[in-house]
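Here's the letter readout for the chains.
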Amino acid sequence: AREQDFPAAGTPEFAQLRNAIVRSLVEQAQFEIAAEEMGITVTDEELEKRLDELKDQFFEGDDAKYQEELEKQGLTEEQVLKDLRTRMLSEKIFEQVTSEVQVADADIEAYYEENKAQFEQPSSREVRHILVKTKAEADEIHAELENGGNFAKLAKEHSEDPASAKEGGKFTAQKGATVAPFDEVAFELETGELSEPVKTQFGWHIIEATGDIEEASTQPLTAGEEQISTTLLEEKKNARINEWVADLQKRFADLIVYAPGFEPPPEAETTSGE
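In what follows, the accompanying structure is described. Only a predicted model underlies this, so the values are computations on that prediction, with no experimental measurement involved. (Residues numbered from 1 in each chain as written. Predicted model: local features only at pLDDT ≥ 70, side-chain atom pairs only at ≥ 80, totals over all residues. Heavy atoms only, no water.)

### Overview of unusual backbone geometry
Which entries qualify depends on this criterion: The way it works is that DSSP assigns letters per residue, a run of H or I at least four long becomes a helix, a run of E at least two long becomes a strand, and they are numbered from the N terminus.
The backbone of Glu60 shows a phi angle near 55°, a positive value even though the residue is not glycine. Relative to the elements of secondary structure, Glu60 occurs in the loop between helix 2 (44-59) and helix 3 (63-73).

See below:
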């Protein structure tokens, strides 16, 4: 399907690919046994529903486009359904294994204290600017502004910064987020003051400070609590499923029998476990 040459038998690339496939097949078999023990199944109705959702997502519900992509990828629908069932089975196992994982308030508070830098807001202020390529052009626009020219109109007509240009040059400058020469001038200006042309790696800027400086601050825990909870819950669930998979592999380690020449080397098994 990728139009790549398959590695020749006997090469390291062939062995690497074969070992990866064998490990995947073994893990799939282990998951299927575990799912049966846990009473987890994927019904034909669930499978068809998920396939229809994927068709809607990627092919706008057009079955002809879906069939065309199958042919392009060299796949049959039977293969697609088999892989989809395996994926859905893994999802259900993940949900059941991690269903009791929770994040305590103490965990959230500890994370906040240990990662406070993530919640710091730098100094900021509202500015507007016009970016042009040459100093001569910057000087000309600066003179026009000094004589009462309309900043927003000139920004829309001349600025090389499309994002701010359509807003009349407006944007929120954050301390340390822009290039140093721009940053320095933007935070030195008095509110309402217009700068002389400022050179940066992007060209020449004319900056006007339209708002007062908002001092740096740190978001309170309440503002980041939901984000922290989501992050920690994902980490805890991943840790729990990794423990479960490791235990599953240990349980089956002495029960796996490979055909001659297909047993992965010990180091490959270790890597998979990690």
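Continuing now.
### Some remarks on the pattern of salt bridges
Our working rule: One side-chain nitrogen of Lys or Arg within 4 Å of one carboxyl oxygen of Asp or Glu is enough to make a salt bridge. Three labels apply to residues, based on accessible area from a 1.4 Å probe with only protein chains included: buried if under 20% of the type maximum, exposed if over 50%, partly exposed otherwise in between.
The full count for this structure, using the stated rule, is 14 salt bridges. A salt bridge links Glu46 to Lys92; its shortest N-O distance comes to 2.9 Å. With Glu46 in helix 2 and Lys92 in helix 4 (residues 77-97), this residue pair connects regions lying 46 residues apart in the sequence. Residue class for Glu46 comes out partly exposed when judged on its relative accessible area of 28%. Ionic pairing is found between Glu53 and Arg50, a salt bridge with its closest N-O pair at 3.9 Å. One end of the pair is Glu53 and the other is Arg50, both in helix 2 and 3 residues apart, which spans about a single turn. By relative accessible area, Glu53 is classed as partly exposed at 39%. Taken together, the shared-partner salt bridges connect Arg50, Glu53 and Glu91 into one network.

### Quick notes on the side chain of Lys55
What counts is decided by this rule: Under this definition, polar contacts are N or O atom pairs within 3.5 Å; protein pairs additionally need one hydrogen-donor-capable and one acceptor-capable atom, and for neighbouring residues in sequence, both atoms have to be side-chain atoms. Any two residues whose heavy atoms approach within 4.5 Å are treated as being in contact.
Within the fold, Lys55 resides in helix 2. Of the polar contacts made by the side chain of Lys55, one reaches the side chain of Asp63; its length is 2.8 Å. Once residues within four sequence positions are removed from consideration, Lys55 is found in contact with Glu60, Gly61, Asp63, Tyr66 and Glu77.

### Quick notes on the packing of aromatic side chains
What counts, and what does not: Two aromatic rings from Phe, Tyr or Trp, using only the six-membered ring of Trp, form a pair when their centres are within 6.5 Å; if the ring planes differ by under 30 degrees the pair is stacked, by over 60 it is edge-to-face, and anything between is tilted.
As enumerated under the stated definition, the model contains 5 aromatic pairs in all. Arranged with centres 5.3 Å apart and planes meeting at 45°, the rings of Tyr112 and Phe119 form a pair that is tilted. No difference in accessibility class separates Tyr112 from Phe119, as the two residues are buried. With a centroid separation of 5.8 Å and an interplanar angle of 40°, the aromatic rings of Phe171 and Phe182 are classed as tilted. With a gap of 11 residues between them, Phe171 in strand 3 (residues 170-174) and Phe182 in helix 9 (residues 180-188) connect regions that are remote in the sequence. Take Phe171: its relative accessible area is 23%, and that puts it in the partly exposed class.

It is worth stressing that arrangement in space is one thing and function is another; only the former is reported here.
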